[in-house]
Amino acid sequence: MPELDALRANPWFASLPPALAEAVLAAGRVQKLSPGEVLFRQGDAPGDWHAVCHGAIKASSTAADGTESILAVLEPGNWFGEISLLDGGPRVHDATAVGATGVFAVPAAAFARLMQDNAFATALARLMAGRLRTLFGIVEDATLRPTRARLARRLALLARGDATLAAQPRQQLPVSQEALAMMLGLTRQTLSKELGELAKAGALKLGYRSIDILDAALLERLGE
């Protein structure tokens, strides 16, 4: 199925033994979401395990006053939603479609059967360890690094697909300044100023709802 090509291309999924990968794909189904449609909300009971086939999923959290924080934008190939299936607790964030989106859904019962396979359980642990490592980095950035360095490091992370963690960075980031500000907890004014400084340094070029990375190595140095 062409809709599953993005899943097969994901570095983590591609590392699974072929028979196990096919077993995962045989266990689920593709689900279509309209732009802005909510797949699940923070606090919902556990449900399916998901992956993005096309489009994108915004993982976010909303404060009591309505302020939204974007935790990540999950692009095609990324899996999500396993936390609640592993600990039985409620969903830890909202999941909302960004544009027309297709997700692959593996039912909880099928996920539980897959977890009986040591190869799958080990692979999932490796996936979650990578995410935890990234999370520690984001927390460290928020507490120890100045705004410009935080921005440079998050852009470098987005260049590798955010949650995808691809080996090679891409040049164009399809992210709006509004979404980037929500990811970093910055005002639009502060973000605009800091992006302008990175552009002056020659690290990037600003476009309409996109950012072009001109020098990935420079961007990573500015994040140090």
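All values reported here derive from a predicted model rather than from experimental measurement.

### A short note on the packing of helix α7 (residues 147-159) against helix α9 (residues 188-200)
- The contact between α7 and α9 brings their axes to 10 Å, and the two run at 75°. For the element pair α7 / α9, the angle class is roughly perpendicular. For the pair α7 and α9, the contacting residues are Thr-147, Arg-148, Leu-151, Ala-152 and Leu-155 in the first and Thr-190, Leu-191, Glu-194, Leu-195, Glu-197 and Leu-198 in the second.
- When grouped by side-chain class, the residues that make up the contact of α7 with α9 number 6 nonpolar, 2 polar and 3 charged.

### What to know about a nonpolar patch on the surface
- Together, Leu-132, Leu-135, Phe-136 and Val-139 make up an exposed nonpolar region whose accessible area comes to about 390 Å².
- Considering the arrangement of structural elements, one finds Leu-132 in helix α6 (residues 118-144).
- With a relative accessible area of 43%, Leu-132 lands in the partly exposed category.

### Observations concerning α9
- Its 13 residues give α9 an end-to-end C-alpha distance of 18 Å, which sits within 8% of 18 Å, the value for a rise of 1.5 Å per residue.
- Taken as a whole, α9 has its buried residues at Leu-191, Glu-194, Leu-195 and Leu-198. Down the axis of α9, the smallest arc covering the buried residues is 105°, so these residues share one side. Along α9, exposed side chains directed more than 90 degrees from the buried face belong to Gln-189, Lys-193 and Lys-200.
- Residues of α9 that are buried sit in contact with α7, α8 (177-184), β8 (204-207), β9 (210-213) and α10 (216-222).
- Just downstream of α9 lies Gly-202, where phi reads positive at about 90°.

### Section: the pattern of salt bridges
- Counted by the stated rule, this structure contains 11 salt bridges.
- Lys-32 serves as the salt-bridge partner of Glu-3, at 2.4 Å between the closest nitrogen and oxygen. Taken together, the residues span a long stretch of sequence, with Glu-3 in the segment before α1 (5-9) and Lys-32 in strand β1 (residues 29-33) at a distance of 29 residues.
- Take Lys-32: its relative accessible area is 51%, and that puts it in the exposed class.
- The salt bridge involving Lys-200 is made with Glu-197; its shortest N-O contact spans 3.7 Å. Linking Lys-200 with Glu-197, this pair stays in helix α9, spanning 3 residues, or about one helical turn.
- For Lys-200, a relative accessible area of 69% puts it in the exposed group.
- Given a relative accessible area of 27%, Glu-197 falls into the partly exposed group.

Rules of the game
- Residues numbered from 1 in each chain as written.
- Predicted model: local features only at pLDDT ≥ 70, side-chain atom pairs only at ≥ 80, totals over all residues.
- Heavy atoms only, no water.
- Axes fitted to C-alpha atoms, helices over the stretch in contact; angles between N-to-C directions.
- Helix = DSSP H or I, 4+ residues; strand = E, 2+ residues; numbered from the N terminus.
- Parallel < 35°, antiparallel > 145°, perpendicular 65-115°, else oblique.
- Contact = heavy atoms within 4.5 Å.
- Nonpolar A, V, L, I, M, F, W, Y, C, P; charged D, E, K, R; others polar.
- Patch = residues over 30% accessible without salt bridge, like charges linked within 9 Å, V, L, I, M, F, W, Y side chains within 5 Å.
- Areas by Shrake-Rupley, 256 points an atom, 1.4 Å probe, with all protein chains shown as cover.
- Salt bridge = Lys/Arg side-chain N within 4 Å of Asp/Glu carboxyl O.
- Buried < 20%, exposed > 50% of the residue type's maximum accessible area, 1.4 Å probe, protein only.
- Expected span 1.5 Å × (residues − 1).
- Arc of directions from axis to C-beta.

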